[in-house]
Amino acid sequence: MFTLPNLPYAYNALEPYIDEMTMKIHHDKHHQAYLDKFNTALEKYPDFYKKPVEQILAKLDSVLEDVRTAVKNHGGGHYHHSLFWEMMSPKGGGKPIGKLAEAIDKEFGSFEVFKEQFTKEAAGHFASGWTWLVKDGKGKLSILSTPNQDSPISSGLMPIIGIDTWEHAYYLKYQNRRPEYVEAWWNVANWEKADEYYSSK
Ligand code: MN
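Thresholds applied
Residues numbered from 1 in each chain as written. Predicted model: local features only at pLDDT ≥ 70, side-chain atom pairs only at ≥ 80, totals over all residues. Heavy atoms only, no water. Phe/Tyr/Trp six-rings, centres within 6.5 Å; stacked < 30°, edge-to-face > 60°. Buried < 20%, exposed > 50% of the residue type's maximum accessible area, 1.4 Å probe, protein only. Helix = DSSP H or I, 4+ residues; strand = E, 2+ residues; numbered from the N terminus. Lys NZ or Arg CZ within 6 Å of the ring centre and 35° of its normal. Donors = N, O, S within 2.8 Å, 3.2 Å for Na, K, Ca; no water.

Enquirer: Kindly report on the packing of aromatic side chains, identifying the contributing residues and their values.
Expert: Two descriptors summarise a pair of aromatic rings, namely the distance from one centre to the other and the angle between the planes of the rings. According to the stated counting rule, one finds 18 aromatic pairs in the structure shown. A centroid spacing of 5.7 Å and a plane angle of 45° characterise the contact between Phe84 and Trp85, whose relative ring orientation is tilted. Side by side, Phe84 and Trp85 carry an identical accessibility label, which is buried. Between Phe114 and Trp186, the ring centres sit 6.1 Å apart and the planes meet at 90°, which makes this aromatic pair edge-to-face. One end of the pair, Phe114, is in helix H5 (residues 111-124); the other, Trp186, is in the loop between helix H7 (178-185) and helix H8 (191-199), and 72 residues separate them in sequence. The exposure class of Phe114 is buried, given its relative accessible area of 0%. Relative accessible area serves as the criterion here: at 4%, Trp186 is assigned to the buried category. Above the plane of the ring of Tyr198 lies Lys135, whose end atom (NZ or CZ) is 5.2 Å from the centre.

Enquirer: Which residues make up the coordination of the manganese ion, and what values do they have?
Expert: All of the protein donors around the manganese ion are His26 (NE2), His81 (NE2), Asp164 (OD) and His168 (NE2); their distances to the metal are 1.9 to 2.1 Å. Spacing between the donor residues of the manganese ion along their common chain follows H-x54-H-x82-D-x3-H. Taken together, the residues His81 in helix H3 (residues 65-86) and Asp164 in strand S3 (residues 158-164) connect sequence positions 83 residues apart. This pair shows no difference in class: His81 is buried, exactly as Asp164 is.

Printed below as a string of structure tokens:
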């Protein structure tokens, strides 16, 4: 069965940008619920418990139709939140580093231009979902928003860094002010981890 990863820092470590209560509910309740429903969906097909979640999502067609939607929604939820905790850090913020920094400059012109485009996309995306920086099979970067828990990886795109734009990710502290949440999130963006994801595979 799939298990809930621990947060790599304390619940209050991302204060004041992401508040402790939000982190607690987001990780312990929301992520746990995705995980439980994902495990339940696979009860009839226990072979899938042995596969990495990203492999399952990359080949959704290999999941039998009776549970495919549940796997897409709850497997996606489990995968994205597992990434999201790692994509933030109390030591985050600042600018991209390493090969990723070079690739962002090349694709977008500069980090500032990328940041502006990503912020606009995340603040304006009309759905509960995610906004991602993804790379395709050739290493090309792009900004992509996805609704619900639909995963970029199901379209062959690898998440490098991303922000959860479901209201449960920010409502307690920011209420309807999603743009403020997105602005604050830049202060905890984990560029070290993002460079790791970009440079792998
Ligand atoms: Mn979430």
